[in-house]
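One letter stands for each residue in the lines below.
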Amino acid sequence: EIGAGEVITLSGFVGARVVESDGSIVSKGPIALTDLHSGGNDHHLHFADADGQEGFGEWDDGSNTLQLYVKDALECSGQYIVSFTLRNPPDGQACSDISIRAAGIINSWAVMDTCESTCMMQVTDPQFTSFHVSQSSATPCCQNTIAVSPSKPHGNIRDRKSVV
């Protein structure tokens, strides 16, 4: 059992940010949690931020960690599913493992398992792919062949200029 008052810390959100609706970055403070369980079990209400605000976690931008302050005791065999929103970094990055620690239960960092053996926090650079379209005849008819060929992307989308 993880008792009320214990803190669960998630880390490894390299480059991620919490952004307010006005575009400002949260350096340290509350982040809203939501319940994704199909039964509507309000799992997010088992947690709070540092000030005790129910349904929130405490984000720290400096260490890229999220702390969940346990409001009600959690069963060790129970499954608690919550969601929160982070913004990915603007540039690509290699895989970053997300780790969890709970004092008294998991005293060292444990890498979280995705159950799919894929990276939880990999960000790829966006790329622009263009296509070349051609046809074998200027007069559309049953003897016309239309070909679509992708062009190999060059560089990063941020390096491109668009002309409309």
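S.K.: In this structure, what is going on with the overall build of the protein? I would like to understand it.
M.R.: Across its full length, the protein carries zero helices and eleven strands. Order of helices (α) and strands (β) in the protein, N terminus to C terminus: β-β-β-β-β-β-β-β-β-β-β. In the protein, buried positions account for 25% of the 164 residues. Long-range contacts, defined as pairs at least 24 residues apart, comprise 63% of the intrachain contacts of the protein with a sequence gap of at least 6. Within the structure as shown, the protein displays about 10,800 Å² of accessible surface, and the carbon and sulfur contribution to it stands at 50%.

S.K.: Would you mind showing me how to read the nonpolar core here?
M.R.: Buried together is how nonpolar side chains tend to be arranged in soluble globular proteins. If you look at the biggest cluster of nonpolar residues, it comprises 17 residues, and the most contacted ones within it are I8, F13, F47 and L66. Mapped by element, the contributors of at least two residues to this core are β1 (7-11) and β6 (65-70). The element contributing the most residues to this core is β6, with three residues.

S.K.: Please explain the confidence of the model for the protein as it appears in this structure.
M.R.: For residues with low pLDDT, the predicted coordinates do not support detailed interpretation. When pLDDT is averaged along the protein, the result is 74, and 69% of the positions lie at 70 or above. Strand β5 (residues 56-60) holds the highest mean pLDDT among the elements of the protein, 93, whereas strand β9 (residues 106-111) holds the lowest, 57. This stretch, residues 154-164, has a pLDDT under 50; its non-local contacts, to residues over four places away or in other chains, come to twelve contacts.

S.K.: Hey, could you run me through the pattern of salt bridges in this one?
M.R.: Oppositely charged side chains can form a pair if their charged atoms are brought close together. Counted under the stated rule, the structure contains two salt bridges. A salt bridge links R17 to D61; the shortest N-O distance between them is 3.3 Å. In this pair, R17 is assigned in the loop between β1 and β2 (28-32) and D61 in the loop between β5 and β6, connecting sequence segments 44 residues apart. The exposure class of R17 is partly exposed, given its relative accessible area of 30%. Close ionic contact of K28 with D60 constitutes a salt bridge, the shortest N to O distance being 3.6 Å. Placement of the pair is K28 in strand β2 and D60 in strand β5, with a sequence separation of 32 residues.

S.K.: Help me out: how do you make sense of the environment of N64 in this one?
M.R.: Along the chain, N64 turns up in the loop between β5 and β6. Given a relative accessible area of 15%, N64 falls into the buried group. Remark: the alpha-carbon pair of N64 and G15, spanning 49 residues in sequence, is separated by 7.5 Å. In this structure N64 touches L10, S11, G12, F13, G15, A16, R17 and W59, once residues within four positions along its chain are discounted.

S.K.: Where do I start with the packing of aromatic side chains in this structure?
M.R.: The relative placement of two aromatic rings is captured by the distance of their centres and the angle of their planes. Applying the stated criterion across every chain yields a total of two aromatic pairs. Note on F13 and W59: the rings are 6.0 Å apart at their centroids and 55 degrees apart in plane angle, and the pair reads as tilted. With F13 in the loop between β1 and β2 and W59 in strand β5, the pair connects residues that are 46 residues apart, well separated along the chain. Under the relative-accessibility criterion, F13 is labelled buried at 5%. Seen from their ring centres, F13 and F84 are 5.8 Å apart, and the 85 degrees between their planes marks the pair as edge-to-face. Here the residue F13 occupies a position in the loop between β1 and β2, and F84 occupies one in the loop between β7 (82-83) and β8 (99-102), the gap between them amounting to 71 residues. A network of ring pairs unites the aromatic residues F13, W59 and F84 as a single cluster.

S.K.: Looking at this structure, I do not really get the side chain of H44. What am I missing?
M.R.: Tracing the backbone shows H44 in the loop between β3 (34-35) and β4 (47-48). Not counting the four nearest positions on each side in its chain, H44 is found in contact with L33, T34, D35, G55 and V82.

What counts and how
- Residues numbered from 1 in each chain as written.
- Predicted model: local features only at pLDDT ≥ 70, side-chain atom pairs only at ≥ 80, totals over all residues.
- Heavy atoms only, no water.
- Helix = DSSP H or I, 4+ residues; strand = E, 2+ residues; numbered from the N terminus.
- Buried < 20%, exposed > 50% of the residue type's maximum accessible area, 1.4 Å probe, protein only.
- Contact = heavy atoms within 4.5 Å.
- Areas by Shrake-Rupley, 256 points an atom, 1.4 Å probe, with all protein chains shown as cover.
- Core = buried A, V, L, I, M, F, W, Y, C linked by side-chain atoms within 4.5 Å.
- pLDDT = per-residue confidence, 0-100.
- Salt bridge = Lys/Arg side-chain N within 4 Å of Asp/Glu carboxyl O.
- Phe/Tyr/Trp six-rings, centres within 6.5 Å; stacked < 30°, edge-to-face > 60°.

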